[in-house]
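One-letter residues, chain by chain:
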2 protein chains.
Amino acid sequence: MYLKGLRKAPIEPRMPSTNDSLDPVFIMTQISHTAITALRKHIRDGRYQPGEKLREVQVAELLGVSRTPVRLAFRTLEQEGLLERTGKQGYVVREVSADDVLCGVEIRGVLEGLAARRLAERGLSAELKDQLERCVQEGDELINQPQLSQEDIERWGDINARFHALIVNNAGSRAISDAITRNNHLPFASSDSITIDTDHLAQEQRKLQVAQLQHQLVVQALVMGESTRAEMLMREHAYIGLRYGPLFGVPEGMAL
Amino acid sequence: MYLKGLRKAPIEPRMPSTNDSLDPVFIMTQISHTAITALRKHIRDGRYQPGEKLREVQVAELLGVSRTPVRLAFRTLEQEGLLERTGKQGYVVREVSADDVLCGVEIRGVLEGLAARRLAERGLSAELKDQLERCVQEGDELINQPQLSQEDIERWGDINARFHALIVNNAGSRAISDAITRNNHLPFASSDSITIDTDHLAQEQRKLQVAQLQHQLVVQALVMGESTRAEMLMREHAYIGLRYGPLFGVPEGMAL
DNA sequence: GACATCAGTTATGGATCCAAAAATAGGTTT
DNA sequence: AAACCTATTTTTGGATCCATAACTGATGTC
């Protein structure tokens, strides 16, 4: 409840930088940034349901901050497509249809495909070639064990993320990586949102093996400079997260 | 100059809604929204050079608003890729390389191509088919006159925008139109930023005739349900704005 | 002369304040 | 009862305030 005219506390502004975990890369103590990620997580985790209206004060209290960073976060999340303005006033969590999910995946496909094509056309540096091949090598060794543990799968996820980042960030223009980053913020569209069903580890392993094989083919095409093939392979690779079709079993409620 | 502790005026908050031009669609009197468009325009027009640092107070004074809407605008424009954070403090206008421009165009190409493919696969409604064909019809009549006036070219620009909007907005998911909208905010990447060189109207007319022909072919493919062809045509169509190659003469400084 | 240090200045981020717009509730009229 | 108007509450957008972080320049040291 909003208590009129009540001050939150004797002010105590801006955290006194009690950073236990000093991030060597970038110390992002920005409250507004924290608010963005926290809110994003809340939405992903379903704390806020699609269609639900978000009130600034309420969210501010939940996150323990003032309204200012929340308002900034709302703007950012609107840009990202997680929130949406309704009529005159207020933001609601955007509803995501099955078609939206498919679209997000296809968008990632064409964008990463574009990145791969550009990369193949411009030629790989020796260093990049090395990194990509090491990526595939490591993934291969990991994935072809007789039985994968939960931890193995997570490690493969890291390798997967590295693989995609290598291609996207070396396509020669931030325009592409930006577009992909933005698209990845949409629910389910991200390449690292391959959900792991721990009840069917064998099936999951098979899926990852397919993905791994695709990585291998993409690198092959990239190294050979076969740009069209690289683009098509990368584009197809995007669909692996969807898990529809007979190969992996059709999940319920995914009538496309 | 920023005068410390001086109030801007006897407050006088929020415009008293003196709307001369009542927009029937949506009355967007939001100052922050105005700030975004104004700032975007300033950047496009070169009022702020690439690499130039933007100070909140200075921009606020230029636009005649307080810092709050400017800060919101900075966030939005950062998301759009027009601004960029530098190190710890401050936003600068993002530098755009020739490669970035090309990338923006290619991104639009793959996204609009994707939209066209989806449209062709799902089939056009009778109404949409009609609208597209009328669009092509009007464009044809306009563009095939013996000599185009400046005004004619502008009218064709409107038709062009309508054509692209029809395809993008009917692809079945806002995810696509959102991605394209965001990409269009990048300088030169927008489909309606086909620059008109008034000194060479004949040459311009020829370019628009090519674009018009491409529109025609796209609609043909869409109506016939030839999804791959529609995608490819739409993708190629994106390059028309670049004007490189012998057909339209190679502009200087466009070493790709 | 180059580099480190420290004080003064400026800019930014977060919090709060205030007025208007929107939503809500209650009462009145048709 | 439905529609309409009005009074009240809620919520938002913009402006301002304040403390800290980042920048600047001057001074001192090697």
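Since the structure is predicted, the reported quantities are computational estimates derived from the model, not experimental observations.

Notes on the sheet that holds strand β1 (residues 53–54) of chain A
Residue and element names in this part refer to chain A.
Alright, step 1. If you walk across this open sheet you meet the three strands as β1-β3-β2, and the pairing is antiparallel. In this open sheet, the two edge strands, each paired with only one partner strand, are β1 and β2 (83–85).
Alright, step 2. Inspection of the sheet shows β2 paired to strand β3 (residues 91–93) by three bridges, in the antiparallel sense. What sits directly across from Arg85, in β3, is Tyr91.
Alright, step 3. Each of β1, β2 and β3 touches helix α3 (residues 67–80); the most contacted strand, β2, lies at about 100° to it.

Description of the pattern of salt bridges
Residues and elements named next belong to chain B.
Alright, step 1. As enumerated under the stated definition, the model contains 36 salt bridges over all chains in all.
Alright, step 2. A salt bridge links Arg134 to Asp130; its shortest N-O distance comes to 3.0 Å. On the criterion of helical spacing, the pair formed by Arg134 and Asp130 is a turn pair, its members being four residues apart in helix α5 (residues 126–143).

Notes on the interface of chain B and chain A
Alright, step 1. Facing the 42 residues of chain B at the interface are 42 residues of chain A.
Alright, step 2. Of all residues in chain B, the largest losses of buried area upon contact with chain A belong to B:Arg75, B:Gln79 and B:Arg182, amounting jointly to 18% of the total for that side.
Alright, step 3. The interface formed by chain B and chain A holds 14 salt bridges in total.
Alright, step 4. Residue assignment for the side of chain B that touches chain A shows that the elements contributing at least two residues are α1 (31–44), α3 (67–80), β2 (83–85), α4 (98–122), α7 (174–184) and α9 (227–237) of chain B.

A closer look at the environment of B:Ala175
Alright, step 1. Relative to the elements of secondary structure, B:Ala175 occurs in helix α7.
Alright, step 2. For B:Ala175, a relative accessible area of 6% translates into the label buried.
Alright, step 3. B:Ala175 has contacts with A:Arg94, A:Asp100, A:Cys103, A:Ile107 and A:Leu186, leaving out every residue within four places of it along the chain.

Let's talk about the sheet that holds strand β1 (residues 53–54) of chain B
All names here are of chain B.
Alright, step 1. Taking strand neighbours across the sheet as the criterion, the three strands line up as β1-β3-β2 in an open arrangement whose pairing is antiparallel. Strand pairing shows two members of the sheet lacking a second neighbour, β1 and β2, which therefore form its edges.
Alright, step 2. Across the face of the sheet, α3 comes into contact with β1, β2 and β3 (91–93) while running at roughly 100° to β2.

Thresholds, definitions, all that
Residues numbered from 1 in each chain as written. Chains lettered and ligands numbered in written order. Predicted model: local features only at pLDDT ≥ 70, side-chain atom pairs only at ≥ 80, totals over all residues. Heavy atoms only, no water. Pairing = 2+ DSSP bridges. Helix = DSSP H or I, 4+ residues; strand = E, 2+ residues; numbered from the N terminus. Contact = heavy atoms within 4.5 Å. Axes fitted to C-alpha atoms, helices over the stretch in contact; angles between N-to-C directions. Salt bridge = Lys/Arg side-chain N within 4 Å of Asp/Glu carboxyl O. Buried area = accessible area lost by both parts, 1.4 Å probe. Buried < 20%, exposed > 50% of the residue type's maximum accessible area, 1.4 Å probe, protein only.

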